[in-house]
Amino acid sequence: MNHLKTFVLLAAMTALFMGVGYLIGGATGMVIALLFAGAMNLFSYWNADKIVLKMYRAQPVDEQHPNAVVRNYVADVRQMARDAGLPQPRVAIIPNDQPNAFATGRNPQNAAVCATTGLLDMLTREEVRGVMAHELAHVKNRDTLIMTVTATIAGAIAALVNFAMFFGGGQDRERPGGIIGTLALMLLAPMAAGLVQMAISRGREYEADRVGAEIAGDPQALASALQKIEAYAKRIHNPTAERNPASGQLFIINPLAGRGADNLFSTHPATGNRVRALMELGARMGMQPRPQTPGLTQPRPAAGFAATTGVPATPAEPRGPWG
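Residues numbered from 1 in each chain as written. Predicted model: local features only at pLDDT ≥ 70, side-chain atom pairs only at ≥ 80, totals over all residues. Heavy atoms only, no water.

Note that Glu 135 resides in helix α4 (residues 125-140). Those residues in contact with Glu 135 that lie beyond four places of it in its chain are Ala 101, Phe 102, Ala 103, Val 113, Leu 250 and Ile 252. (Helix = DSSP H or I, 4+ residues; strand = E, 2+ residues; numbered from the N terminus. Contact = heavy atoms within 4.5 Å.)

Here it is, written out as structure tokens:
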């Protein structure tokens, strides 16, 4: 059903693009905008993993790392990748106190998975396994490819809007919709494209939760991890994500610590909804409910992160507009 919803939403974005091109760009403008946006997104697609890893200062690690926590993390990722029938991804850690994780790469053969030092420090090994199984599920489902396609179409829509703004032949009285229709589309088309992107992202998160729980064999560990990550993410800011909010949809939990239930403007499903779905999956697998996660303590000081992972703590930086 999630794959069907994604297909329908992609079809809706394509239809929106074609409609905008017809109404405000004409056939020539539509082709130019599509080629321009496609070229930009093709470059991003082939280099996305390098761009994102460099942005977050990710450091590659392997099973020879001097710290046992990191060695366990690497070994678990490699073992789960083998169990899921995936090529071995690159494994990295990000020097950031906020517990979080993401996967990147254009396909399973060029994938990388990353966990922050905060994630390795604050979660149990079982919870870290659950989180990284979720990221491997994104790799297995080729979600980065899906999001690249949506970004290409959304970028083409934005390019058409700019085409209309700068060359806006509102003087073309024969154009369907006229100047009023053109102005309305200039405002509404990018918003509609963004909403569809967000809806696709939320759908892929639910699917990755389900597949990741099956890879790790422990839905309850992922459910517990999601609750902890969300709670700590609201207390510990992520300066890199705040400077680059478009990258927020990569993470397992919104690094900008958004609140509220699923809505049109959220890139991630509400954590409570995800936890309920995972607990129901665990019940279907015959697992007994675990005790509730005890109240979270205040995050440990930065020295704790360095002592656990061997990676320097995130340097102090001014908070962004979401901080």
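Now, onward.
Looking now at the sheet that holds strand β1 (residues 59-60). Strands sit in the order β1-β2-β4-β3 across an open sheet of four strands; the sheet is mixed. A strand with exactly one partner marks an edge of an open sheet, and here the two such strands are β1 and β3 (101-104). For β1 and strand β2 (residues 90-94), the ladder comprises two bridges, and the chain directions are antiparallel. Following the sheet pairing, Pro 60 is matched in β2 by Ala 92. Set on the sheet, helix α2 (residues 68-83) makes contact with β2 and β4 (112-116); between it and β2 the angle comes to about 145°. Relative to the sheet, α4 contacts β3 and β4, its axis offset from that of β3 by approximately 20°. (Pairing = 2+ DSSP bridges. Axes fitted to C-alpha atoms, helices over the stretch in contact; angles between N-to-C directions.)

On to the pairing of β4, then. Counting buried residues along β4, five of its five residues qualify, which places the element largely inside the surrounding structure. Along β4, one buried face is formed by Ala 112, Cys 114 and Thr 116 and the opposite face, lined by Val 113 and Ala 115, is buried too. Judged from the five bridges that link them, β2 and β4 form a sheet pairing that is parallel. Bridge pairing links Ala 92 to Cys 114 in β4. (Buried < 20%, exposed > 50% of the residue type's maximum accessible area, 1.4 Å probe, protein only.)

This next bit is on helix α7 (residues 219-233). With 15 residues, α7 extends 21 Å from end C-alpha to end C-alpha; this agrees with the ideal 21 Å at 1.5 Å per step. Where burial is concerned, most of α7 is hidden: twelve out of the 15 residues are buried. What α7 keeps buried is the set Pro 219, Gln 220, Ala 221, Leu 222, Ala 223, Ser 224, Ala 225, Leu 226, Lys 228, Ile 229, Tyr 232 and Ala 233. (Expected span 1.5 Å × (residues − 1).)

Looking now at the confidence of the model for the chain. Should the pLDDT be low somewhere, the predicted coordinates at that spot are not to be read in detail. For the chain, per-residue confidence averages 75 on the pLDDT scale, and 56% of positions sit at 70 or higher. When mean pLDDT is compared element by element in the chain, β2 scores highest at 97, while helix α10 (residues 302-309) scores lowest at 44. Overall, residues 258-265 carries pLDDT values under 50, and its contacts beyond four positions in sequence, including any with other chains, amount to 15 contacts. A low-confidence stretch, residues 310-323 (pLDDT under 50), is modelled with 26 contacts involving residues beyond four sequence positions or located in other chains. (pLDDT = per-residue confidence, 0-100.)

A few words on the pattern of salt bridges. Under the counting rule described, the total for this entry stands at nine salt bridges. A salt bridge links Glu 63 to Arg 78, with the shortest nitrogen-to-oxygen separation between them at 3.9 Å. One end of the pair, Glu 63, is in the loop between β1 and α2; the other, Arg 78, is in helix α2, with 15 residues separating them in the sequence. Taking relative accessible area as the criterion, Glu 63 reaches 38% and is therefore assigned partly exposed. A salt bridge links Arg 210 to Glu 207; its shortest N-O distance comes to 2.7 Å. (Salt bridge = Lys/Arg side-chain N within 4 Å of Asp/Glu carboxyl O.)

Core analysis: the largest hydrophobic core is formed by 44 residues, its most contacted members being Tyr 73, Leu 119, Leu 123, Val 131, Met 132 and Ile 215. Per-element tally for this core: the top contributor is α4, with seven residues. Those residues in contact with Leu 119 that lie beyond four places of it in its chain are Gln 98, Pro 99, Asn 100, Ala 101, Val 128, Val 131, Met 132 and Ile 229. Counting twelve residues, the second-largest nonpolar core is a separate cluster that includes Ile 94, Phe 102, Phe 251 and Leu 256. (Core = buried A, V, L, I, M, F, W, Y, C linked by side-chain atoms within 4.5 Å.)

By the definition in use, this model includes two cavities of 30 Å³ or more. In this structure, the second largest cavity is lined by Ala 103, Thr 104, Gly 105, Asn 107, Pro 108, Ala 111, His 138, Val 139, Arg 142 and Thr 144. For the lining of the second largest cavity, the elements supplying multiple residues, two or more each, are β3 and α4. Looking at side-chain class alone, the lining of the second largest cavity contains four nonpolar, five polar and one charged residues. (1 Å grid on protein atoms, 1.4 Å probe; cavity = no way out; pocket = protein on both sides within 12 Å on 5 of 7 lines; lining within 4 Å. Points joined across faces, edges and corners; volume = space filled by probe spheres on them. Nonpolar A, V, L, I, M, F, W, Y, C, P; charged D, E, K, R; others polar.)

Two elements in contact, α2 and α4, have axes whose closest approach is 10 Å; the angle formed by their N-to-C orientations is 45°. Taken together, α2 and α4 sit at an angle that is classed as oblique. Helix-helix and strand crossings are classified by hand; for α2 and α4 the assignment is right-handed. In contact with Asn 72, Tyr 73, Asp 76, Val 77, Gln 79, Met 80 and Ala 81 of α2, α4 contributes Arg 125, Val 128, Arg 129, Met 132, Ala 133 and Leu 136. Across the contact of α2 with α4, the residue classes break down as eight nonpolar, two polar and three charged. (Parallel < 35°, antiparallel > 145°, perpendicular 65-115°, else oblique. Left-handed = near helix turned anticlockwise from the far one by under 90°.)

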